[in-house]
Amino acid sequence: MASFDLDARFDLGTRLVSEAGELAMSYFQRLGSLTIKSKGPQDMASEADLNTEILIRDRLAAAFPEDAFLGEETGRTDAVAGARGIWVVDPIDGTQPFVSNMHNWCVSIAFVLDGRTELGFVAAPARRELFIARRGHGATLNGAPIAVRPAARMTDGLVGLGYSSRTPPGEFLPLLATLLDQGGMFVRSGSGALMLCDVACGRLIGYIEQYINSWDCLAALAMIEAAGGVVSDFLANDGMWRGHALAAGAPEVFPGLASLVGVAPLKV
Ligand code: IPD
Ligand code: CA
């Protein structure tokens, strides 16, 4: 197969996620003047989401017109014939914390090549954190290498538990009960991408969600893989376009997490 310039994409992604983070932060600092619209129950967006995505989309299109694009706010670009690569972007993951003046939100950019997530970039400017990952090259937080936490059992730490109203409460509550029955404990910060990054850097032992979209999680899943963790095969069954259940975590606890949401590990 012809060679592909991942180095150039890694370099641009690294610069772009910080630039987009600064733009989103400038909106966060004048939250009171934003127009916040509801897209559904507990699902908000403001001009910060749209304009941050447009900045990212335009920069990527200028540098790599041959790549495809999928973003939470503007959707997918017209298919680029024969595109091997696709950028998957959430301009602000954790919109509810963002509009509530809380710090758990981030800009998330993933690059998928030939169906495999190769690069992940997550900037959380309100937390002063920048996560970057490249398959085979490790993952960093603010430039320092990170690794998942060795955890043997569900009782060894906290599990990030994602929930949105896309899942009926009657399907979610049995999952929560099973986790608690096993001696596990959960956190939900409002940003799936950041909780997954917290798995990558060893703060959480794992993450589960019954339904999540690709733009919420792909960049951070690259982080977990590069940091030595195990992730489920999110892109199976058209997960890129349709979303999927998700489990990710330290290798020893992954099988237990995966069985809670009925997913299989990604084979690498
Ligand atoms: C949501 C958050 C949340 C997750 C949801 C996402 P948004 O994204 O990541 O933690 O549980 O599945 O939709 O609405 O903040 O961009
Ligand atoms: Ca999101």
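These numbers come from a predicted model, not from an experiment.

### Brief notes about the site of ligand 1
Inference 1: Taken together, 15 residues form the shell around ligand 1, and within it Asp93, Gly94, Arg166, Gly192 and Glu209 come nearest.
Inference 2: One of the backbone N or O atoms of isoleucine 92 is found 3.4 Å from an oxygen atom in ligand 1.
Inference 3: Between ligand 1 and glycine 192, the relevant distance is 2.9 Å, taken from an oxygen atom to a main-chain nitrogen or oxygen of the residue.
Inference 4: When isolated, ligand 1 has an accessible area of 380 Å², and the protein chains bury 93% of it.
Inference 5: Counting only elements with at least two residues in the shell around ligand 1, the list comes to strand S5 (85–93) and strand S13 (206–212).
Inference 6: Looking at the shell around ligand 1, its residues break down into three nonpolar, six polar and six charged.

### What about the environment of alanine 126?
Inference 1: Within the secondary structure layout, alanine 126 lies in the loop between strand S7 (116–124) and strand S8 (129–134).
Inference 2: You can call alanine 126 buried: its relative accessible area is 13%.
Inference 3: Spatially, the C-alpha atoms of alanine 126 and glycine 229 are 26 Å apart, while their sequence positions differ by 103 residues.
Inference 4: Apart from the residues within four sequence positions on either side, alanine 126 is in contact with Met25, Phe28, His103 and Trp105.

### Some points on the packing of helix H1 (residues 6–28) against helix H2 (residues 47–63)
Between two packed helices, what matters for the description is the angle formed by their axes and the separation of those axes.
Inference 1: It is at 9 Å that the axes of H1 and H2 come closest, and there the two elements cross at 155 degrees. Compared by their axis directions, H1 and H2 come out roughly antiparallel. As for how H1 packs across H2, the hand of that crossing is right-handed. Residues Leu12, Leu16, Glu19, Ala20, Leu23, Ala24 and Tyr27 of H1 form the contact with H2, whose participating residues are Glu47, Ala48, Asn51, Thr52, Leu55, Ile56, Arg59, Leu60 and Ala63.

### Quick word on the coordination of the calcium ion (ligand 2)
Inference 1: Looking at the calcium ion (ligand 2), one finds its protein donor set to be Asp90 (OD), Asp93 (OD) and Asp216 (OD), positioned 2.0 to 2.3 Å from the metal centre.
Inference 2: Mapped onto the sequence, the donors of the calcium ion (ligand 2) take the spacing D-x2-D-x122-D. Placement of aspartate 93 in strand S5 and of aspartate 216 in helix H6 (residues 214–226) is noted, with a sequence separation of 123 residues between them. Judged on exposure class, the residue aspartate 93 and its partner aspartate 216 are both buried.

### Some thoughts on the packing of aromatic side chains
Inference 1: In the structure shown here, the tally under the stated rule is eight aromatic pairs.
Inference 2: Seen in terms of ring centroids, phenylalanine 64 and tryptophan 87 are 6.2 Å apart; in terms of plane orientation they differ by 25 degrees. Their pairing is stacked. Pair noted here: phenylalanine 64 is in the loop between H2 and strand S3 (68–71) and tryptophan 87 is in strand S5, with a separation of 23 residues, a long-range link.
Inference 3: On the basis of relative accessible area, phenylalanine 64 is assigned to the buried category, the value being 10%.
Inference 4: A network of ring pairs unites the aromatic residues Phe4, Phe64, Trp87 and Phe111 as a single cluster.
Inference 5: Positioned above the aromatic ring of tryptophan 241 is the side chain of arginine 76, whose terminal nitrogen or guanidinium carbon lies 3.7 Å from the ring centre.

### Remarks on the environment of valine 17
Inference 1: Tracing the backbone through its elements, the reader meets valine 17 in helix H1.
Inference 2: A residue is classified by how much of its surface remains accessible, and valine 17, at 0% relative accessible area, is buried.
Inference 3: Along the primary structure valine 17 and valine 122 are separated by 105 residues, whereas in three dimensions their C-alpha atoms are 6.7 Å apart.
Inference 4: Non-local contacts of valine 17, meaning those with residues more than four positions away in its chain, are made with Val107, Ile109, Phe121, Val122, Ala123 and Leu130.

### Focus on the nonpolar core
Inference 1: Within the largest apolar cluster, 41 residues are counted, with the highest numbers of intra-cluster contacts made by Val88, Phe131, Leu196, Leu221 and Ile224.
Inference 2: Ranked by residue count, the leading element in this core is H6, at nine residues.
Inference 3: Viewed by domain, this core spans two of them, domain 1 (6–145) and domain 2 (154–261), each represented by three or more residues.
Inference 4: Not counting chain neighbours up to four residues away, the residues in contact with phenylalanine 131 comprise Gly120, Phe121, Val122, Thr140, Leu141, Ile146, Leu194, Cys197, Cys201, Arg203 and Met223.
Inference 5: Residues Leu31, Ala48, Ile56 and Val107 belong to the second largest nonpolar core, which totals 32 residues.

Criteria and thresholds
Each chain carries its own residue numbering, running from 1 in the direction its sequence is written. To label them, take the chains in the order written and letter them from A, then take the ligands in the order written and number them from 1. Note on the predicted model: pLDDT of at least 70 is required for a residue's local features to be given, and 80 or more for side-chain atom pairs to be given and counted; whole-chain, interface and lining totals, by contrast, use all residues. Note that the side-chain values use all heavy atoms of the structure and ignore hydrogens as well as water. Nearness is defined per residue: one heavy atom within 4 Å of the molecule or strand is enough. Here a polar contact means two N or O atoms within 3.5 Å. Within protein one must be a hydrogen donor candidate and the other an acceptor candidate, and residues neighboring in sequence count only if both atoms are side-chain atoms. Note on areas: these come from Shrake-Rupley sampling with a 1.4 Å probe, and a residue is covered only by the protein chains present in the view. Runs of H or I in DSSP of at least four residues are treated as helices and runs of E of at least two as strands, each being numbered from the N terminus. Gly is put with the polar residues, along with every residue not named as nonpolar or charged; the nonpolar set is Ala, Val, Leu, Ile, Met, Phe, Trp, Tyr, Cys and Pro, and the charged set is Asp, Glu, Lys and Arg. Each residue's exposure class comes from its accessible area (1.4 Å probe, protein chains only) as a fraction of the maximum for that residue type: buried when under 20%, exposed when over 50%, partly exposed otherwise. Contacts: residue pairs with any heavy atoms within 4.5 Å of one another. Think of each axis as a best-fit line through the C-alpha atoms, taken over the contacting stretch in the case of a helix, with angles from 0 to 180 degrees between the N-to-C directions. Any angle that falls under 35 degrees is termed roughly parallel, while one over 145 is termed roughly antiparallel, one within 65 to 115 roughly perpendicular, and all others oblique. If you view the pair so one helix is near and one far, a crossing is left-handed when the near helix is turned anticlockwise from the far one by less than a right angle, and right-handed when it is turned clockwise. Because water is not among the atoms used, a metal site may look incomplete, as its donors are only the N, O and S atoms within 2.8 Å, or 3.2 Å for Na, K and Ca. Here a Phe, Tyr or Trp ring, Trp counted by its six-membered ring, pairs with any other such ring whose centre lies within 6.5 Å, and the pair is stacked when the planes are under 30 degrees apart, edge-to-face when over 60, and tilted otherwise. Whether a charge lies above a ring is judged from NZ of Lys or CZ of Arg, which has to be within 6 Å of the ring centre and within 35 degrees of the ring normal. Put simply, a nonpolar core is a bunch of buried Ala, Val, Leu, Ile, Met, Phe, Trp, Tyr and Cys residues held in one set by side-chain atoms that sit within 4.5 Å of each other. Start and end points for every domain follow an automatic or database-based domain assignment.

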